[in-house]
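# Architecture at a glance
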Amino acid sequence: MRVTNKMLSNNFLRDMNTNLNNLSALQNQMASAKQINKASDDPVKAAKIMQLNSDIGANEQYNTNIKNTTNWLDVTDSTLDKVGGVITRINELLVASGGAGYGADEKSAVKDEINQRVEELAGLLNTSFDGKYIFGGTSGTSKPVGTSVIDGNTQLTNNTKAGVVAKNISGTMTYSGNTVKAGDSLKMSLNGVSMTVVLSSDITSGSTSMEDAKSTLETDINAAIATANTTAGKTTGQVGFIKDATVTATADGRFEISSQSGTITFFNDDIKTTAKDLGISAGLKDKLMVEVSQGVTMDYNVTASQVINYGVGGNNIMDLMANITKHLSSDKAADISALNGADLTGVQTVMTNLLKLRSEVGAKQNRMESAESRNTDQNLNMTEILTSTQDIDITEKSMEYATMQTIYLASLQTSAKVLQPTLLDYLR
C-alpha cells in the first residue's frame, strides 16, 4: 500500500490532538486538584463520589441534630434540678410545720411561701429553649402549665389539652379515632380523686358523629363524678364536692374536657387502652423524636405531664399542692395529721419521680455523647474515602504533566519532518 503525504498528515494531526487533549486533561486535574471534573471522565467514580458527598452531608446534619439535642437535654437536666430544689424546700417546710411550736401564724407563713414556690414551679415548667417550651411536648409553642388563685391559694393548672382525635371533613364532622365499645372503661382523676368512666354507647370510627361522641363522653364522665361524690358523701356546696365536666367537640377534631373543680387527667389500666384509643391520654404524641443516624431515632424530651403526674393512678402535683395549702389553713386534726402523713409522702414521691426523670435524661445525654463520637468517626472515615477517590496525588500528576509536556513539544518538533522531501528539495 502506498503511504501518501495526506495519510501522514492526518496521522500526525490525530496524534497531535491526542497529546494536546491529554495535556489539557492533566492541566484541569492539577488546577482543580480533582481526578474527576465531569461525570463522563469516569462514570463509576463519579457516581461513588456523588454518593459519598451525599452521605457526608447527611452525616453533618446528624451531627447538628445531636448537638442541638444535647443542648436541649442540658437545659432539661438543669431545670429538673431546680424543680427538685423547689420540691425539697416544700418538703422541709412540711417537716417543720409538724413541730409542736408551729401555730396558726407560723403555718400561715409556711402556706405563703409554698404559694410562692408554686409560682416558681410554674415558671420552671414553662422554661423555653430555642423558641420552644421544653416540657411542652409536641405543642412546644404553648405554655404547658399556668397558675390560678383559688380561695387565696396559688394552684397549678395544666394547660395541656386532653387530646386530639382525627376527623373527616365531609358535611357532619365524624369521629375517626379508634373504635371503642359500650362497656369499655378508662380511669380518670380529678382533684386527687380516682374514678372509673364506663362507656354507655359505642363510639365507632367513621360513623359516629363528633357531637354524638362528645355527648356520650360527657354523660359517662359526669356519671363517674356523681358516683365519686356519693361515695365520698359530698353534696353541692360542700368542700370537696366535684362539679360536672364539660366536653366540647372542637372544629379541629379535638375533645376538650374541663371541670370547674380542677384539671382532669385520663389514663389507662394496665390492659385497657380506652383513653388512648379515644385520644384523651398523653402518649407518644407528646414525645419529640430526633434522628441521630440513618434509620436510628430516639425521643429526647420530658413532658410536663411526666413531671406533674407521679406515683400510680391519678396522683399529680397540682392536687398535692392544693391539698397542702388547704391543710395548712385548717385546724382539723385529720388535716393537720395529713401534712406529715399523706402530703409529706406525696412530696417525697414527687422527689423520687424527679430523680427518675433526671436519670432518664442523663442516660439520653450519655447516648448522645456516644452518638456524637460515632458520628465524628464516620465523618472522618467517609472523608478519607472521598479524598482517596476524587483527589489527585499532586506529585504523581506533576510528573505526568512534565512527561506529557515533553511528548507534546517533541511532537511539534517532529512535525517539520513528517512529509517526504520532493524533487524540488534536491534542486537547490
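Residues numbered from 1 in each chain as written. Predicted model: local features only at pLDDT ≥ 70, side-chain atom pairs only at ≥ 80, totals over all residues. Heavy atoms only, no water.

### Examining the overall build of the protein
So the rule is basically this: Strands here mean DSSP runs of E at least two residues long; helices mean DSSP runs of H or I at least four residues long; both are numbered from the N terminus. Relative accessibility decides the category of a residue: with a 1.4 Å probe and only protein chains considered, values under 20% of the type maximum give buried, values over 50% give exposed, and everything between is partly exposed. The contact definition used throughout considers only heavy atoms, calling two residues in contact when any of these lie within 4.5 Å. Each accessible area value is a Shrake-Rupley result obtained with a 1.4 Å probe; residue values ignore everything except the protein chains displayed when judging cover.
From N to C terminus, the protein includes 10 helices and 13 strands. A buried classification covers 39% of the 428 residues belonging to the protein. Counting contacts in the protein only where the partners sit at least 6 residues apart, residues at least 24 apart contribute 66% of the total. For the protein, the computed accessible surface area is about 23200 Å², with 51% contributed by carbon and sulfur atoms.

### Some details on the pairing of strand E3 (residues 145–150)
Spelled out, the test is: Note on pairing: DSSP must find at least two bridges between two strands before they are called paired.
Here six bridges tie E3 to strand E4 (residues 153–158), and the two strands are oriented antiparallel to one another. What sits directly across from Ile 150, in E4, is Asn 153. Here E3 folds back onto E4 in antiparallel fashion, the turn holding two residues, of which Asp 151 has a positive phi close to 55 degrees.

### Focus: the environment of Thr 274
Defined as follows: What qualifies as a polar contact is a pair of N or O atoms within 3.5 Å, subject to a donor-acceptor requirement within protein and to the restriction that residues adjacent in sequence count only when both atoms come from side chains.
Mapped onto the fold, Thr 274 is located in helix H5 (residues 274–278). Residue Thr 274 is classed as buried on the basis of its relative accessible area of 4%. Polar side-chain contacts of Thr 274 include one of 2.9 Å to the backbone oxygen of Ser 185.

### Quick notes on the pattern of salt bridges
To keep it simple, the criterion reads: The rule for a salt bridge is simple: a side-chain nitrogen of Lys or Arg has to be within 4 Å of a carboxyl oxygen of Asp or Glu.
The final tally for this structure, using the stated rule, is nine salt bridges. The salt bridge involving Asp 299 is made with Lys 364; its shortest N-O contact spans 2.8 Å. Within this pair, whereas Asp 299 is found in strand E13 (residues 296–299), its partner Lys 364 is found in helix H8 (residues 333–390), the two being separated by 65 residues in sequence. Residue Lys 356 pairs with Glu 360 through a salt bridge whose shortest N-O separation is 2.9 Å. Taken as a pair, Lys 356 and Glu 360 lie in helix H8 at a separation of four residues, close to a single helical turn. Residue class for Lys 356 comes out partly exposed when judged on its relative accessible area of 46%. In this structure Glu 360 comes out as partly exposed when scored by relative accessible area, which is 28%. Because the salt bridges share partners, they merge into one network encompassing Arg 89, Glu 92, Glu 113, Arg 117 and Glu 120.

### Overview of the side chain of Asn 91
Position of Asn 91 among the secondary structure elements: in helix H2 (residues 43–97). In this structure Asn 91 touches Leu 344, Val 347, Gln 348 and Met 351, once residues within four positions along its chain are discounted.

### Things to note about the packing of H2 against H8
The test is simple: To define axes, lines are fitted to C-alpha atoms, for helices over the stretch in contact only, and angles between the resulting N-to-C directions are given on a 0 to 180 degree scale. An angle counts as roughly parallel when it lies under 35 degrees, as roughly antiparallel when it exceeds 145, as roughly perpendicular when it falls between 65 and 115, and as oblique in every other case. Should the near helix be turned anticlockwise from the far one by less than a right angle, the crossing is left-handed, and should it be turned clockwise, the crossing is right-handed. Nonpolar residues are Ala, Val, Leu, Ile, Met, Phe, Trp, Tyr, Cys and Pro. Charged residues are Asp, Glu, Lys and Arg, and all others, Gly as well, are polar.
The N-to-C vectors of H2 and H8 enclose an angle of 165 degrees; their axes lie 7 Å apart at closest approach. On the basis of the axis angle, H2 is roughly antiparallel to H8. In the crossing of H2 with H8, the sense of the turn from one axis to the other is left-handed. Here the contact of H2 with H8 is composed, by residue class, of 25 nonpolar, 20 polar and 12 charged.

### A closer look at the sheet that holds strand E11 (residues 264–267)
If you walk across this open sheet you meet the three strands as E8-E7-E11, and the pairing is antiparallel. Strands with a single pairing partner mark the edges of an open sheet, and in this sheet they are strand E8 (193–198) and E11. With direction set aside, neighbouring strand axes in the sheet form an average angle of 30 degrees. Here four bridges tie strand E7 (residues 185–190) to E11, and the two strands are oriented antiparallel to one another.

### As for H8
The test is simple: An expected span of 1.5 Å times one less than the residue number is assigned to each helix. Fitting axes to the seven residues ending at a residue and to the seven starting there, one defines the bend at that residue as the angle between these axes.
The terminal C-alpha atoms of H8, which comprises 58 residues, lie 83 Å apart, in line with the 86 Å expected from a rise of 1.5 Å per residue. Along H8, the helix axis deviates most sharply at Leu 339, where the bend reaches about 50 degrees.

### Some thoughts on the packing of helix H3 (residues 104–125) against helix H7 (residues 317–328)
Closest axis-to-axis distance for the H3/H7 pair is 9 Å, and the angle between their directions is 160 degrees. Between H3 and H7, the crossing angle belongs to the class labelled roughly antiparallel. The handedness of the crossing between H3 and H7 comes out as left-handed. Listed contacts from H7 to Lys 107, Val 110, Lys 111, Ile 114, Asn 115, Val 118 and Leu 121 of H3 are Ile 317, Met 321, Ile 324, Thr 325 and Leu 328. Tallied by class, the residues present in the contact of H3 with H7 amount to eight nonpolar, two polar and two charged.

### Quick notes on the packing of aromatic side chains
The condition that has to hold: Note on aromatic contacts: the rings of Phe and Tyr and the six-membered ring of Trp form a pair at centre separations within 6.5 Å, being stacked when their planes are under 30 degrees apart, edge-to-face when over 60 apart, and tilted otherwise.
Considering all chains together, one arrives at three aromatic pairs under this definition. Between the aromatic rings of Trp 72 and Tyr 300, the centroid separation amounts to 5.6 Å while the plane-to-plane angle is 85 degrees, which identifies the pairing as edge-to-face. With a gap of 228 residues between them, Trp 72 in helix H2 and Tyr 300 in the loop between E13 and helix H6 (304–308) connect regions that are remote in the sequence. Measuring from ring centre to ring centre gives 6.4 Å for Tyr 175 and Phe 255, while their planes differ by 25 degrees; the resulting arrangement is stacked. Placement of Tyr 175 in strand E6 (residues 174–175) and of Phe 255 in strand E10 (residues 255–259) is noted, with a sequence separation of 80 residues between them. Here Tyr 175 and Phe 255 have matching classes, each one buried.

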